[in-house]
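Examining the three-dimensional arrangement
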Amino acid sequence: MSNFIRNLSRRTIVQALIALPALSLFRNQPAIVDADEIVEINGWILRRSDLA
Amino acid sequence: MIFDSYEAYKQAGFKPKVCILGSGPAGTTIARKLGAVGIPVVVLEAGSREFSDESQDFYRGKTVGDFYFDLDITRLRFMGGSSNHWAGWCRVLDKQDFDPKAWAPDTGWPISRADIEPYLGEVHDILELPDFRPDVPVSDDIRWVQLIKSPAVRFGEKYADELDASKNIAVVLNTYATELAGDGKRVTGAKLWSNGQDAGTFIADYFITCTGGLENSRLLLWSNQRSNGGVVPNAAALGRYWMEHPTFEGGNAILANYSEFEVDGSNEAFFSPTLAAMERLQIMNFGIRLIESPYPNVKKLIADLACTAPDMAEWMSSKLDQKLRCAAQLYVAWEQAPLASNQIELSKTDVDHAGVPRIELHWKKSPLERRTLLEGLRLFGTTMAQKNLGRVRIDDWISNGSDYPTNEETAGHHHMGGTRMGTDVLKSVVDANCKVHGMDNLYIGGSSVFCTSGQCNPTTTITALACRLGDHLSKVISV
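Residues numbered from 1 in each chain as written. Chains lettered and ligands numbered in written order. Predicted model: local features only at pLDDT ≥ 70, side-chain atom pairs only at ≥ 80, totals over all residues.

A few words now on the overall build of chain B. Looking only at helices and strands, chain B has 13 helices and 24 strands in total. By the compact-globule yardstick of 23 Å for 479 residues, chain B fits well, its C-alpha radius of gyration being 23 Å. Counting only C-alpha atoms and orienting by the principal axes, one finds that chain B spans roughly 80 × 40 × 40 Å. Across the 479 residues that make up chain B, the buried fraction comes to 51%. Long-range pairs, those at least 24 residues apart, make up 74% of the contacts in chain B with a sequence separation of at least 6. (Helix = DSSP H or I, 4+ residues; strand = E, 2+ residues; numbered from the N terminus. Rg over C-alpha atoms; globule rule 2.2 N^0.38 Å. Buried ≥ 20, exposed ≤ 12 C-beta atoms within 10 Å, placed from the backbone. Contact = placed C-beta atoms within 7 Å.)

At the junction of the two partners, chain A supplies 11 residues and chain B supplies 17 residues. Among the residues forming the side of chain A that touches chain B, the class breakdown is seven nonpolar, two polar and two charged. Pairing between strand E2 (residues 44-47) of chain A and strand E21 (residues 390-394) of chain B: two bridges, direction antiparallel. What sits directly across from Trp44 of chain A, in E21 of chain B, is Arg393 of chain B. (Nonpolar A, V, L, I, M, F, W, Y, C, P; charged D, E, K, R; others polar. Pairing = 2+ DSSP bridges.)

Right, let's talk about the sheet that holds strand E12 (residues 197-202) of chain B for a bit. Residues and elements named next belong to chain B. One open sheet holds the three strands; their spatial order is E10-E11-E12, and the pairing between them is antiparallel. Since the sheet does not close on itself, it has two edges, and those belong to strand E10 (175-182) and E12, each with one partner. Each strand of the sheet is rotated relative to its neighbour by a mean of 25°, with strand direction disregarded. (Axes fitted to C-alpha atoms, helices over the stretch in contact; angles between N-to-C directions.)

On to the pairing of E2 of chain A, then. Sheet analysis places strand E1 (residues 38-41) of chain A next to E2 of chain A, joined by four bridges and oriented antiparallel. Bridging across to E2 of chain A, Glu40 of chain A finds its partner in Ile45 of chain A.

Limitation: the analysis is restricted to geometry and does not speak to function.
Here's what the structure looks like:
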């Protein structure tokens, strides 16, 4: 175990673990895809759901 | 009465009040209307009862601009006119085709569809049509439209016996007017050419030119030039605003179930935009024709779809096993924006055997029309996908903005405009009654009076307008 972790209090480690899920808020959210959206690809006029 | 020569006609001593030039759908219909109320009419037909190369040669001309058909094959010069090669497809211009469109300059007629509707009963008898059925909305943007494929009445054949038996109508074959003479108020006479030679001057109280959507302009341009403006005193629009129905294969469709749409006897269905869609996209009217695809084309299309949308292609393949009729070619014909620069001019170098300058047709499709083609296919494709009726693929040359192909259908052989109807003498040649502005006794019949072309074949509307003009003249001319 590194000195860095050895120097942290148990309380600090627990607080950090509790906060971990909140980090996902800062990640890029996946775009909400409308399956019925009309797209034009290679001349085809399709629903996005066609593009599986 | 039908005479094979002007000489034979002269010997009969017939005294007509009205002289109609041309025996196509417009000329024959107007003559029958007038003859029915006892007005004596002579119809001068340039050709004979049958096609001949010699007669057809008078129609040779030149096109400048976009690729177009040879002018001597795109119309016919014998009794019955171009009805002799008409395919028989019938539909009347839509109500919205008569209305001005803010996004397309010089659109709008001085009459509405309601003005020709009273004559549609007669038109159905003449063209042997069942009743038209209302359009069926497919979405807010696209409507199914009916286009009746009629028996294609050949006016010369259908009405020959009736005209021959008529006491009020004289049809004179192999005879036509090389020019009209006028004094700026009235046509004073017509210079005739019969059986290959000058046949003198013909005088009548009224003249109606029904020589077709190219020839009406040519005759009047030449007449006006020879009469120093005495035949069409307001000639700014003469020969201008000429229109066709450009027609090209636009793509393919795979349909979930071909029987979703009502098809005609040839398994074809037709679709057009709603007025709301035209307004929103600022495009012209168009017609999409679905034609059932041969089976090998279907497999090729699904293979192409598999590269883009594998699941959809797999689903289509399973549909294919259940129902072979599930793919179609898409042909698009559209309304041309009326442009003054699309015009008929007289050749400065080439004349026909009677010494009349041949036609030089200046014709070019506009960027608005190119947009109509692309956006029209997108509208149709979007409706098919949204309603899950099928999927559409637009041809590459349209999507990527390449040149129009020159090995396709090109256009409908529909010649419209040149002597258009209107109230502004700078932008039209005839008034709402098809009378030439400023002239007391000169009228025009046929599609050259069209202000806009709509998307449908013109013969039904031509015949309706001819019934209307015949009705109007029967009230104007005393028996």
